[in-house]
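# What the coordinates show
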Amino acid sequence: MKRLVACFCFLIVACAQSAPPSPPTTKPATQTATLPPVSAPTATPTVKPSATLTTTPAPHARRVVILSIDGFRPDAIALAPMPFLTSLLTQSAYSLSAQTVYPSVTLISHVSMLSGQCPIKHKVDWNDYVPKNGYAQVTDLFDLVHAAGGQTVMYVGKEKLRQISEPQSVDVFQFINDRDLVIVADLIENFPADFRLLFVHFPTADWMGHVYGWLSWQQLSVLRRADQALEQLVAELNQRGLLSETLFIISADHGGHDQLHGSSLPEDKTIPWIAFGADVRPAQLTSPVSTVDTAATAAFALGLDLPAEWDGVPIYEAFGLPVLKESVGCPK
Ligand SMILES: [Zn+2]
């Protein structure tokens, strides 16, 4: 009964979100970098890694996709299992011991992931949809890409993620209060063919974790669905001939333990960080990775200058490059 009540309450909370009023906005600092024009893809679309690093000294991604699987612990990959993601690892530069921020909660972590800045700097300290709080008041990846003339897109399963970036920097924002496969189906149906930055958020694993527990069979079963949704998204990019020019990063905002997360426990803070696609050199990474490095790696791959205030650094090792600056992450 307790579980049923918890589930019911959760559903009320999950479903109680309606069209939000417009929060106050503050325009981010103007960026001057520009993106190169997108040309029609000519490469044969495959999931295989592209050029070797001896001929490609710096990454050249025309597009970046960042997929965050909410509450996704790296040890769930084998347990679920997630066969498509497992096969992708052989073509990826990846860490299964990347670290998110403290507190390890959804909105605060995602702002760090996409702004390259630790919570003490981005100052988002709430974890609900609170329109009166506006948006994270820092220059984030969406600001950079949009200011450089690129289309930016967010497809999310939690409305509070609207508060990551100002609407003027997010050309397409879609909140779908549904399962991961439904989110991807909608994205494919309304595919933003000219995007430069696409952030996709899968909410379901976190929902199941809170109701049934982290690594419960119920959560693992929806992670298998997340794996299918990921496969469909990659297949769509492939079918459109975009995959070879795309840097794809798969990560998470936090893990979890029991029916919780938010602490500095390794179970909560350890996340996967998996990059594949444009100029990635497949390998298990030996250098440390923090979630704030996600935005930095994406900006680096797109050829954009990183704001000096960002805490994150590009994961050079993912492209087979010398580590110019080591990731230091955020305070515990
Ligand atoms: Zn979360």
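Higher on the page you've got the structure.
Residues numbered from 1 in each chain as written. Predicted model: local features only at pLDDT ≥ 70, side-chain atom pairs only at ≥ 80, totals over all residues. Heavy atoms only, no water.

### Structural notes on the coordination of the zinc ion
This is how the line gets drawn: Here the coordinating atoms are restricted to nitrogen, oxygen and sulfur within 2.8 Å of the metal centre, or 3.2 Å for Na, K and Ca, and because water is not among them the sites may look incomplete. Each label reflects the angles at the metal, where four donors whose angles all fall between 85 and 135 degrees are tetrahedral, four or six donors whose opposite pairs open beyond 155 degrees and whose other angles stay between 65 and 115 are square planar or octahedral respectively, and the rest are irregular.
Protein coordination of the zinc ion is provided by Asp70 (OD), Thr106 (OG1), Asp253 (OD) and His254 (NE2), with donor distances spanning 2.0 to 2.1 Å. Every donor counted, the four donor atoms about the zinc ion form angles of 96 to 137 degrees at the centre, which fits irregular coordination.

### What about the packing of aromatic side chains?
Inclusion rule: Pairs were defined over the aromatic rings of Phe, Tyr and Trp, the Trp ring being its six-membered one, requiring ring centres within 6.5 Å. Orientation was assigned from the angle between planes: stacked under 30 degrees, edge-to-face over 60, tilted for the rest. Helical segments are the DSSP runs of H or I of at least four residues, strand segments are the runs of E of at least two, and each set is numbered from the N terminus. Think of it in three bands: with a 1.4 Å probe and only protein chains considered, a residue is buried below 20% of the maximum accessible area for its type, exposed above 50%, and partly exposed in between.
The tally for this structure, following the rule as stated, stands at four aromatic pairs. Centre to centre, the rings of Phe248 and Phe276 are 4.9 Å apart; their planes meet at 15 degrees, and the pair counts as stacked. Of the two residues, Phe248 is situated in strand S6 (residues 246-251) and Phe276 in strand S7 (residues 270-277); the sequence distance between them amounts to 28 residues. Considered together, Phe248 and Phe276 belong to a single accessibility category, that of buried residues. Ring geometry for Phe300 against Phe319: centres 6.0 Å apart, planes inclined by 55 degrees, an arrangement best described as tilted. With Phe300 in helix H11 (residues 292-301) and Phe319 in the segment after H11, this residue pair connects regions lying 19 residues apart in the sequence. For Phe300, a relative accessible area of 21% puts it in the partly exposed group. The exposure class assigned to Phe319 is buried, which follows from its relative accessible area of 0%.

### Quick look at the state of the cysteines
To keep it simple, the criterion reads: Disulfides are defined in this document as cysteine sulfur pairs within 2.5 Å.
All told, the structure shown has one disulfide when counted by the stated rule. In this model, Cys118 is linked to Cys330 through a disulfide, with the two sulfur atoms separated by 2.1 Å. Disulfide Cys118 to Cys330: torsion about the S-S bond roughly -90 degrees, handedness left-handed. One end of the pair, Cys118, is in the loop between helix H4 (106-115) and helix H5 (119-122); the other, Cys330, is in the segment after H11, and 212 residues separate them in sequence.

### Some thoughts on helix H7 (residues 180-189)
Stated formally: Directions drawn from the helix axis to the C-beta atoms are what define this arc.
Listed as buried for H7 are Asp180, Ile183, Val184 and Leu187. One side of H7 holds all its buried residues, which, seen down the axis, span an arc of 95 degrees.

### Observations regarding the environment of Ser290
Put simply, the rule is: Contacts are assigned to residue pairs with any non-hydrogen atoms lying within 4.5 Å of each other.
Secondary-structure assignment places Ser290 in the loop between strand S8 (283-284) and H11. Between the C-alpha atoms of Ser290 and Cys330, which are 40 residues apart in sequence, the distance is 7.7 Å. Leave out the neighbours within four places in its chain, and Ser290 touches Gln99, Ser327, Gly329 and Cys330.

### Side note on the sheet that holds strand S1 (residues 63-69)
This is how it is decided: In this scheme, strands are said to pair when DSSP sees at least two bridges between them. Between N-to-C directions, angles span 0 to 180 degrees; the directions come from axes that are lines fitted to C-alpha atoms, helices contributing only their stretch in contact.
Read from one edge to the other, the open sheet built from eight strands follows the order S4-S3-S5-S1-S6-S7-S2-S8, with strand pairing classed as mixed. Lying at the two open borders of the sheet, with one neighbouring strand each, are strand S4 (172-175) and S8. In terms of strand pairing, strand S3 (residues 151-156) meets S4 through four bridges, oriented parallel. Counted as the bridge partner of Tyr155 is Gln174 from S4. Packing of H7 onto the sheet brings it into contact with S3, S4 and strand S5 (195-202), and relative to S5 it is tilted by some 160 degrees.

### Thoughts on the pairing of strand S2 (residues 93-99)
Note: S2 against S7, five bridges, orientation antiparallel. Looking across to S7, one finds that Tyr94 is bridged to Ile274. As paired strands, S2 and S8 are joined by two bridges and run parallel to one another. Following the sheet pairing, Ala93 is matched in S8 by Ala283.

### Side note on the packing of H4 against H11
We count it as follows: Working rule for angles: under 35 degrees goes down as roughly parallel, over 145 as roughly antiparallel, 65 to 115 as roughly perpendicular, anything else as oblique. Crossings are classed by handedness, with left-handed meaning an anticlockwise turn of the near helix from the far one by less than a right angle and right-handed meaning a clockwise turn. Amino acids outside the nonpolar list (Ala, Val, Leu, Ile, Met, Phe, Trp, Tyr, Cys, Pro) and the charged list (Asp, Glu, Lys, Arg) are all regarded as polar, and Gly is one of them.
As a packed pair, H4 and H11 sit with axes 5 Å apart at the nearest point and diverge in direction by 25 degrees. By the angle between their axes, H4 is roughly parallel relative to H11. Both H4 and H11 take part in a crossing whose hand is right-handed. Contact residues: Ser112, Met113, Leu114 and Ser115 in H4; Val292, Thr294 and Ala295 in H11. Within the contact of H4 with H11, the residues separate by chemical class into four nonpolar, three polar and no charged.

Everything listed is a geometric property; what it means functionally is a separate question.
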